[in-house]
Amino acid sequence: MPQVQKLLETPEVQALLKAHPHAAVVEALRAALGAARADLRSGAEPPDAQTLARRAGDALAEGARPYLGRVINATGVILHTNLGRAPLPAAALEAMARAGLGYSNLEFDLDAGARGARAAGVEPLLRELTGAEAALAVNNAAAAVLLALSGLAAGGEVIVSRGEMVEIGGGFRIPEVVAQGGARLVEVGTTNKTRLDDYRAAISERTRVLLKVHQSNYRIVGFTAEASLAELSSLARERGLLLMHDLGSGALADLGRLGRTPEPRPQDSLLAGADLVAFSGDKLMGGPQAGLLVGRAAALDPLRRHPLMRALRLDKATLAGLEATFRLYRDPVRAVAEIPVLRMLAQSADQVAARAERLGDLLERAAPFEIRSSEAQVGGGSLPGEALASWAVALGETDARAESLGVRFRRGETPVIGRLSGGRLLLDLFTVADEEVEALATAVRAAIHLDSPG
Ligand SMILES: *Cc1c(COP(=O)(O)O)cnc(C)c1O
């Protein structure tokens, strides 16, 4: 077995030393030697210096590969929480790079030459877009709800309908968030029916907030009733309480105009009389991860001074990305063209079919495949059960083969995440951008090549 010192002098290892730190190369050589010695004991031939160098090189390359990176989402789920939810608009990313590469005027007012407000770029735009009197941005919508309840209801009671005891996933459950905010939850109504009188009867002198939660990720159908925001607003006004709407996904754009089922917008909740509305930045809004609060200044001002605000505040890159995303929303046509989530929602099934055909052409005869209709989804706890007409390329003739292809796809240089369905691996083109089709074809060909028997 060669010594580490000898290996270090070989041209192969000299090449590794150009790309990796000396200590890491030595470490990788020791590991390769250790593994070879173990193989030797079980009767294997001793490897030559080139083989050892190659094994060390593979391990170094593997270790240098970043954990978090780009993948191609061929699941057909637009807001896939495991895959980073909303892909960002290019304008947002450019703004984030500009704010992050050097110094920025994050808390510096350039006109006054003095300390400025951190969110001076985003809050006026958010007010403009939603018609709100005041706006506030924090780390995510869960943080926005927690901050609002902590600042406005701690020590008091919050009334929520039993039909709206939502769990979002990742441990965000309304009853637990209310408790964490230091308030007592008062449940009213039943799972399927809650009336205005149920809220009215539950109001005590300790009630602070009526909380309405959007049933983002489930629907209650059949024999149902709920109190509207407008009704709750009059009740809140009459009894001197605050009405808060946890809207979750909160589309700023009118999805009805994109030919989809409309989702309630924050501006609609405000018009209906909500005092404050919480929603996400990276769901249907299609921007960076953030939690947005819009509403009356009297409701939001105490939150700015709450100690949690400091813990939940946004960093400069996110603020820059949010501001750029809001600027796109000023022009609805530009918003649909440049915000990937909206662009995907606005595409027709024919456009997706054309993309599937193009992928098919690029695959040629690399593998047997079939182009078939598919159903994409919004995901991210929005529009549950709403099927978006789509097209997919189906691969793998057997269950086992579809599954092993799925593994190859995930482990490729550009990982591809598809969807197993009926014993086939589906690549749904709804969530694949035009610019990604070529890379997708390359990844598919590489995976199939590696996967082919023999
Ligand atoms: C998604 C969602 C949240 C949490 O939003 P994040 O931005 O993921 O923190 C809160 N409330 C509702 C109703 C939601 O749908």
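Rules used throughout
- Residues numbered from 1 in each chain as written.
- Predicted model: local features only at pLDDT ≥ 70, side-chain atom pairs only at ≥ 80, totals over all residues.
- Heavy atoms only, no water.
- Near = heavy atom within 4 Å.
- Polar contact = N/O pair within 3.5 Å; in protein donor to acceptor, adjacent residues only side chain to side chain.
- Areas by Shrake-Rupley, 256 points an atom, 1.4 Å probe, with all protein chains shown as cover.
- Helix = DSSP H or I, 4+ residues; strand = E, 2+ residues; numbered from the N terminus.
- Pairing = 2+ DSSP bridges.
- Axes fitted to C-alpha atoms, helices over the stretch in contact; angles between N-to-C directions.
- Contact = heavy atoms within 4.5 Å.
- Parallel < 35°, antiparallel > 145°, perpendicular 65-115°, else oblique.
- Left-handed = near helix turned anticlockwise from the far one by under 90°.
- Nonpolar A, V, L, I, M, F, W, Y, C, P; charged D, E, K, R; others polar.
- Expected span 1.5 Å × (residues − 1).
- Buried < 20%, exposed > 50% of the residue type's maximum accessible area, 1.4 Å probe, protein only.
- Arc of directions from axis to C-beta.

Engineer: Which residues make up the site of the ligand, and what values go with them?
Structural biologist: As a structural note, the neighbourhood of the ligand is formed by Arg85, Asn140, Ala141, Ala142, Ile168, Phe172, His214, Ser216, Asp246, Gly248, Ser280 and Lys283. For the ligand, an oxygen atom lies 2.8 Å from a polar atom in the backbone of Ala142. Protein burial of the ligand: of its 380 Å² of free accessible surface, 95% is covered by the chains. Those elements that place two or more of their residues in the shell around the ligand are helix H7 (141-152) and strand E11 (242-248).

Engineer: I'd like to hear about the sheet that holds strand E18 (residues 424-428), residue by residue, with values.
Structural biologist: Across the sheet, which stays open at both edges, the 5 strands sit in the order E2-E14-E15-E18-E17 with mixed pairing between neighbours. In the strand order of this sheet, the two ends are held by strand E2 (77-79) and strand E17 (419-421), each with one partner. Within this sheet the neighbouring strands show an average axis-to-axis angle of 40 degrees, counted without direction. Here 2 bridges tie E2 to strand E14 (residues 369-379), and the two strands are oriented parallel to one another. Paired with Leu79 across the two strands is Gly379, which belongs to E14. Those strands touched by helix H17 (residues 349-363) are E14, strand E15 (388-395) and E18, and its axis lies near 10 degrees from that of E15. Running at roughly 45 degrees to E18, helix H18 (residues 399-411) makes contact with E15, E17 and E18 of the sheet.

Engineer: Now, about the packing of helix H3 (residues 22-41) against helix H4 (residues 49-64): what can you tell me, with residues and values included?
Structural biologist: Two numbers describe how H3 lies on H4: the axes approach to 9 Å, and their chain directions differ by 120 degrees. What the angle tells us is that H3 and H4 run oblique. Relative to H4, the crossing made by H3 is right-handed. Residues Ala24, Val25, Ala28, Leu29, Ala32, Leu33 and Ala36 of H3 pack against Leu52, Arg55, Ala56 and Leu60 of H4. Tallied by class, the residues present in the contact of H3 with H4 amount to 10 nonpolar, no polar and 1 charged.

Engineer: Go over H17 with me, naming the residues and quoting the values.
Structural biologist: When the terminal C-alpha atoms of H17 are compared, their 21 Å separation across 15 residues agrees well with the 21 Å that a helix rising 1.5 Å per residue should span. Val352, Ala353, Arg355, Ala356, Leu359, Gly360 and Leu363 are the residues of H17 that are buried. Within H17, the buried residues cover an arc of 160 degrees as seen down the axis, which keeps them to one side. For H17, exposure combined with an orientation more than 90 degrees from the buried face picks out Asp350 and Asp361. Residue Glu364 follows H17 closely and has a positive phi angle near 45 degrees.

Function cannot be inferred from these measures alone, as they are strictly geometric.
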